[in-house]
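Given next are the chains, with one letter for each unit.
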Amino acid sequence: MNDIATEPQVFLDLVENLVQVNRHLTGLQGALLVACALDIASDSRTFSKRLGVEHALVLRELNVLDAVGGFLVIAKRDPRTLRSHFHLTANGRAMLSSACRIRISEKA
């Protein structure tokens, strides 16, 4: 986990900055992207538990990002639990790097 992720206010500031730069994103979508970039969560269940958000809401926003955003991709789904693993695309990493001025490692 990135050290910056241990500071909740820093995380919230990054999400707010991202949503201001890309006005098409909801706050939850921005949080998913930042959480993935900072290794806070790269699956829907972990994100849901760590941020205290209902899993159904996380799945809905994740599906929207996967379908239209081009910023992340759902790589794997568990058909029983619906846990969805995701990673940033090159476009997602570029947008986050420029919007939040953070260095993002390439994965997946």
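Bear in mind the structure is a predicted one, so any value in this text is a computation, not a measurement.

## Notes on the environment of Arg60
Now for step 1: By secondary structure assignment, the location of Arg60 is in helix H4 (residues 55-69).
Now for step 2: Taking the C-alpha atoms as reference points, Arg60 and Gln29, 31 residues apart in sequence, are found 9.7 Å from one another.

## As for the side chain of His55
Now for step 1: Tracing the sequence through the fold places His55 in helix H4.
Now for step 2: Polar contacts involving the side chain of His55 include one to the side chain of Arg45, which spans 3.5 Å.
Now for step 3: Not counting the four nearest positions on each side in its chain, His55 is found in contact with Ser44, Arg45, Ser48, Thr81, Leu82 and Arg83.

## A few points about helix H3 (residues 44-51)
Three- or four-residue spacings in an α-helix give side chains the same orientation, since the helix completes a turn every 3.6 residues.
Now for step 1: What H3 keeps buried is the set Ser44, Phe47 and Ser48. Projected down its long axis, H3 carries its buried residues within an arc of 100°, all on one side.
Now for step 2: Against the buried residues of H3 lie helix H2 (27-37), H4 and strand E2 (84-88).
Now for step 3: Measuring from the backbone nitrogen of Arg45 back to the side-chain oxygen at the start of H3 gives 3.1 Å, which picks out Asp43 as the cap.

## A few points about the pattern of salt bridges
Close approach of charged atoms allows side chains of opposite charge to pair.
Now for step 1: Per the stated rule, a full pass over the model turns up 2 salt bridges.
Now for step 2: One salt bridge connects Glu61 with Arg60, and the closest N-O pair in it is separated by 3.9 Å.
Now for step 3: Taking relative accessible area as the criterion, Arg60 reaches 51% and is therefore assigned exposed.

## Describing the environment of Asp66
Now for step 1: You can see Asp66 is positioned in helix H4.
Now for step 2: Classification of Asp66 as partly exposed rests on a relative accessible area of 31%.
Now for step 3: Along the chain, Asp66 and Leu88 lie 22 residues apart, while their C-alpha atoms are 9.9 Å from each other.
Now for step 4: When residues no more than four places from it in sequence are discounted, the contact partners of Asp66 are Leu72, Val73 and Ile74.
Now for step 5: A distance of 3.2 Å separates a polar side-chain atom of Asp66 from the backbone nitrogen of Ile74.

## Remarks on H2
Now for step 1: Here H2 lies mainly inside the structure; 9 of its 11 residues are buried.
Now for step 2: Those residues of H2 that fall on the buried side of the exposure criterion are Gln29, Gly30, Ala31, Leu32, Leu33, Val34, Ala35, Cys36 and Ala37.
Now for step 3: Its buried side turned inward, H2 meets helix H1 (8-21), H3, H4, strand E1 (72-77), E2 and helix H5 (90-100).
Now for step 4: One or two steps after H2, the chain reaches Asp39, where phi turns positive at roughly 60°.

Criteria and thresholds
Residues numbered from 1 in each chain as written. Predicted model: local features only at pLDDT ≥ 70, side-chain atom pairs only at ≥ 80, totals over all residues. Heavy atoms only, no water. Helix = DSSP H or I, 4+ residues; strand = E, 2+ residues; numbered from the N terminus. Polar contact = N/O pair within 3.5 Å; in protein donor to acceptor, adjacent residues only side chain to side chain. Contact = heavy atoms within 4.5 Å. Buried < 20%, exposed > 50% of the residue type's maximum accessible area, 1.4 Å probe, protein only. Arc of directions from axis to C-beta. Salt bridge = Lys/Arg side-chain N within 4 Å of Asp/Glu carboxyl O.

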